[in-house]
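What follows is the residue order along each chain.
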Amino acid sequence: MAGTHDPAPGPTPRLTHAFFERPVLEVAPDLLGALVSHRGVTIRLTEVEAYDGRNDPGSHAYRGLTPRTGVMFGPPGGLYVYLSYGMHWCANLVCGSEGTASAVLMRAGEVVGGIEVARERRGGVVDRDLARGPARLGQALGLSREQNGLDVTAPDGPFEVLAAPYPAPAPVRSGPRVGVSGAGGDGLQYPWRFWLDGDPTVSAYRGAKPRRARGQR
DNA sequence: TTGACGATTAGCT
DNA sequence: GCTAATCGTCAAC
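Residues numbered from 1 in each chain as written. Chains lettered and ligands numbered in written order. Predicted model: local features only at pLDDT ≥ 70, side-chain atom pairs only at ≥ 80, totals over all residues. Heavy atoms only, no water.

Participant: Give me the lowdown on the pattern of salt bridges, citing residues and values where you can.
Facilitator: Using the criterion set out here, one finds 12 salt bridges in the structure. Here Asp-197 makes a salt bridge to Arg-173, at a shortest N to O gap of 3.7 Å. Of the two residues, Asp-197 sits in the segment after β8 (193-196) while Arg-173 sits in strand β7 (residues 172-175), which places them 24 residues apart along the sequence. A residue is classified by how much of its surface remains accessible, and Asp-197, at 33% relative accessible area, is partly exposed. Three or more residues are tied together by salt bridges with common partners; here these are Glu-47, Glu-49, Arg-107 and Arg-193. (Salt bridge = Lys/Arg side-chain N within 4 Å of Asp/Glu carboxyl O. Helix = DSSP H or I, 4+ residues; strand = E, 2+ residues; numbered from the N terminus. Buried < 20%, exposed > 50% of the residue type's maximum accessible area, 1.4 Å probe, protein only.)

Participant: Describe in detail the protein's contact with DNA strand C, supporting the description with residues and values.
Facilitator: Around DNA strand C sit 11 residues in total, of which Thr-66, Arg-68, Tyr-85, Met-87 and Arg-145 are the nearest. Residue Arg-68 places a side-chain N or O atom 3.3 Å away from a sugar or linking oxygen belonging to DNA strand C. At a separation of 2.5 Å, a base oxygen of DNA strand C approaches a polar backbone atom of Tyr-85. Residue composition of the surface near DNA strand C, grouped by class: four nonpolar, two polar and five charged. (Near = heavy atom within 4 Å. Polar contact = N/O pair within 3.5 Å; in protein donor to acceptor, adjacent residues only side chain to side chain. Nonpolar A, V, L, I, M, F, W, Y, C, P; charged D, E, K, R; others polar.)

Right, dumping it as structure tokens:
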């Protein structure tokens, strides 16, 4: 296939505790182009979303500390994995100082390593769709509840996050988040989604779901 | 204990 | 474009 993005010429360093300890709005755009690697698959991030714990109605941590959100309140560099809609595993990287409960959702990326493993996990979809969308990305990486709470800055940890091997080839853009109730519906706007402009693996924008009440009709 | 909902995706009209 | 699938989490009773 056309190699629009050649692999890094050499190894890149694993991102550190200090990297993730900064404010989430600084960390999120810096994660674009970074490489995440787990169980034989490496993905270059092309789209992320920031969530600001307590101040953010769209965040799982908005209502405070619960058994599920405990990882978000922990130290930066933690991996917060949650189940969406009862069937999809999605992953966040905890940011900011401990207790802030802010995190960056990894929304989409391009598989740059272990593509055959990713194809097997994703069931033969076209390569562009291997990690286009948060749940697809999680599936391509082979994530599940077991990875919740991992420290991605641990030198020998199973989940790696490596610095971008080269400057982003496309400009970083930002805009409203996807599918978050409250981000638009009630007038609140958070331009906290970041992506690489024009990248084919970036998911299509959709506003918050206007679902009508179920069990009614 | 119960009921409602969700940071989604796939499939059908 | 619209809806079902599917189950963990959380708030309320």
